[in-house]
Amino acid sequence: MTPLVSIQQVSHGFGAGPVLQDVTLDLAPGSYTVLLGPSGSGKTTLLSVLGGFLTPERGRVLIGGQDCTALAPARRPTATVFQDYALFPHMSVGANVGFGLRMRGVGRAERDRAARAMLETVGLGEAFARKPHQLSGGQRQRVALARALLVEPAVLLLDEPLGALDLKLRRQMQDELKAIQRRVGTAFIHVTHDQEEAMALADHIVVMNRGRIEDEGTPERVYQRPRTRFTATFMGESSILPGRTAQGAITTAAGSFPAPPEATAVAVRPEHVALGGDIPATVIDVVFQGSYKRVTARVGDSDVLARVGAETPVAAGEAVRLAIDARHVIVLRD
Amino acid sequence: MRAAAYLYALAIYGFIFLPVAVLVLFSFQGTLFPIPPFNGPSLRWYAAVLSDARLTAGLVNSILVALLSSALATGLGFLAAWGFARFHLPGSALLRGIITLPLTVSYLIIGMGLLIFFNWIGFPKSLAAAGIGHVVINLPLCFAILYSQMGENQANIERAARDLGASEAKLLLLVTAPMMWPALFAAFFLSMTFSWDEFVISFLLTRFDTTLPVEIWNMLRAGLNPKTNAVGALVFGVSVVLAIVFELIAFRKRPQ
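Residues numbered from 1 in each chain as written. Chains lettered and ligands numbered in written order. Predicted model: local features only at pLDDT ≥ 70, side-chain atom pairs only at ≥ 80, totals over all residues. Heavy atoms only, no water.

Draft legend 1. Region of the structure containing the side chain of A:Asn209. All names here are of chain A. With respect to the helices and strands, the residue Asn209 is situated in strand E9 (residues 204-209). The class of Asn209 is buried, set by a relative accessible area of 13%. A distance of 3.3 Å separates a polar atom in the side chain of Asn209 from a polar atom in the side chain of Glu214. Residues within four places of Asn209 in sequence aside, it is in contact with Pro38, Ser41, Glu214 and Phe230. (Helix = DSSP H or I, 4+ residues; strand = E, 2+ residues; numbered from the N terminus. Buried < 20%, exposed > 50% of the residue type's maximum accessible area, 1.4 Å probe, protein only. Polar contact = N/O pair within 3.5 Å; in protein donor to acceptor, adjacent residues only side chain to side chain. Contact = heavy atoms within 4.5 Å.)

See below:
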């Protein structure tokens, strides 16, 4: 399938250091892509490049086969949902949602009808005549979404859209975002630093760090087989065990695992570490998390995290033996 | 101790407002001289003011100059503030300083400068010349008020409008100006207040048609009578109303 969005060797720098370095990315029509990374990783800059608020110093951006690199935001088939929603405070919700159609010369009756229908789609049918300041954060979020969707963009760009909401509302809006995306079929590109949010929403995760793409793929693939050390630690928790390779295996403090010669370390997820194996370790810390206990144990010179049942009798200072599920060990090459 | 504090406060407010209070009181004087004893109240001097063709013409001229010069100063100040707030301009801080500089120059100097300049280019002394003078003194003020109210949050709202297809003209007309209306009105009414009782520039730059403060000055040269008190009280009343409107808009609690 031809990609809907094609970012080709995009680089951009703001004086001090590069913000985007040689970013190349293809995105499929109708997909839900999440750009995931810590602050300063360049994910928001990449979104600005896609939205047309920033022209990159090098590289090209194609949307639907058209070169949009230097095209103004209004002239490209994208619409942006801003982090602070950026609703027009002096207009009613209906006028906010209909603004894009008004700019396209659509008559009042027609755009009001379309705005009402779109507000229904996002579950805010009753808010048409209200003012933005009368709405809650979650409702404003939906108005911003409806306003951007009404201009029928080929790609909808969302800049940390759930960042300002509390945890419970965030989980609820995640489900709704996904449902709305399926209903309208528009490709969504969503920026966040929250890896749980990324896994809950994305068909395609793009992990960014220091202006580069560290890894990209389905959430399952990126979580289970992260390509880099950064991805292994940023997408969920991992313990890193350095080792040395010889004869098709890497030897670490916690045993040997099959690995290619260029391997430098292995990463282990806490859920793949259990008590009752043959790796001697000392428990440093135990944190009760409700449904499980998070155990930090020292193996050689490295700390290994384990997730054990909440009932397990284990305390700091104890000597224990750990088991690592070799099938799920992640081999790192960087 | 407390009584002393009240007494002190009373003395201060008395010092500030007693002259105005006396002026207003004797504008209601019933006889020919604005001196004690007070034998009013009478509205005869107000009637005299309103039937004086020169004073009413000055009143209309003052209103006209205040409205037009304030509208122009607010409009220009708004565009300048928007430009400085939204775009990266070379030497931005320096240029902003130069725009607000006239705030520190005395009206006499500005008036003289304009007089010499207008003379040089052959622009006649007139209400229009005085109006331009008022734009010169009020533009920096409007700019400062409006620039201080342009925040990053509004910049994002403008980005959203552009993203949805708004041209720059539509953006200013439909989004930025309505979003900033409290600041725009505040700037407008403050300009009105200053233009309304401005004397020096109007005096220097007008000839036959002139503004109310200049007419009052002409009257004062003939000596004091309760009519000057009445017209002074009228000017003061209008200033108070403008100032109250300005404060209501500027210090009103806004939602969000």
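Once you've had a look at it, read on.
Draft legend 2. Molecular detail of the side chain of A:Asp194. Positionally, A:Asp194 belongs in the loop between strand E8 (187-192) and helix H6 (195-201). For A:Asp194, the contacting residues outside a window of four places in its chain are A:Leu36, A:Arg170 and A:Arg171.

Draft legend 3. How the structure looks around the pairing of E9(A). All names here are of chain A. Among the 6 residues in E9, 6 count as buried, and that is most of the element. Where burial is concerned, the two faces of E9 agree: the one with His204, Val206 and Met208 and the one with Ile205, Val207 and Asn209 are both buried. Relative to E9, strand E3 (residues 32-36) is paired through 4 bridges, and the arrangement is parallel. Residue pairing for E9: Leu36 is matched across the bridge by Val207. (Pairing = 2+ DSSP bridges.)

Draft legend 4. The arrangement of the packing of aromatic side chains in detail. Considering all chains together, one arrives at 17 aromatic pairs over all chains under this definition. Measuring from ring centre to ring centre gives 6.5 Å for B:Tyr13 and B:Phe17, while their planes differ by 5°; the resulting arrangement is stacked. Of this pair, B:Tyr13 and B:Phe17 both sit in helix H1 (residues 2-26), 4 residues apart, which is roughly one turn of that helix. Taking 6.0 Å as the distance between ring centres and 45° as the angle between the ring planes, the aromatic pair formed by B:Phe199 and B:Trp217 counts as tilted. Highlighted residues: B:Phe199 in the loop between helix H9 (181-196) and helix H10 (200-205) and B:Trp217 in helix H11 (residues 212-220), separated in sequence by 18 residues. We classify B:Phe199 as partly exposed; its relative accessible area is 25%. One cation-aromatic arrangement involves A:Arg147 over A:Phe88; the distance from NZ or CZ to the ring centre is 4.7 Å. (Phe/Tyr/Trp six-rings, centres within 6.5 Å; stacked < 30°, edge-to-face > 60°. Lys NZ or Arg CZ within 6 Å of the ring centre and 35° of its normal.)

Draft legend 5. Region of interest: the interface of chain B and chain A. Taken together, the contact between chain B and chain A spans 18 residues of the former and 24 residues of the latter. Of the roughly 1800 Å² buried between chain B and chain A, counting both surfaces, carbon and sulfur atoms make up 67%. Inspection of the region where chain B meets chain A yields 0 salt bridges. Counting the contacts that link chain B with chain A gives 4 residue pairs in polar contact (both at pLDDT 80 or more). Of all elements in the fold, only helix H7 (152-163) and helix H8 (168-179) of chain B reach the threshold of two or more residues within the side of chain B that touches chain A. At 8 residues, H7(B) tops the list of elements feeding residues into the side of chain B that touches chain A. Of the residues that constitute the side of chain B that touches chain A, the class distribution is 10 nonpolar, 4 polar and 4 charged. (Buried area = accessible area lost by both parts, 1.4 Å probe. Salt bridge = Lys/Arg side-chain N within 4 Å of Asp/Glu carboxyl O. Nonpolar A, V, L, I, M, F, W, Y, C, P; charged D, E, K, R; others polar.)

Draft legend 6. Up close: the nonpolar core. Formed by 98 residues in total, the largest nonpolar core has its most connected members in A:Val97, A:Phe99, A:Leu145, A:Leu156 and B:Val175. Among the elements that take part in this core, H9(B) stands out by supplying 9 residues, more than any other. With sequence-adjacent residues up to four places away left out, B:Val175 is seen in contact with A:Phe88, A:His90, A:Met91, A:Phe99, B:Ile157, B:Ala161 and B:Lys170. Listed in part, the 25 residues of the second largest apolar core include A:Leu50, A:Val61, A:Ile63 and A:Val206. (Core = buried A, V, L, I, M, F, W, Y, C linked by side-chain atoms within 4.5 Å.)

Honestly, that's just the spatial picture; any functional story needs more than this.
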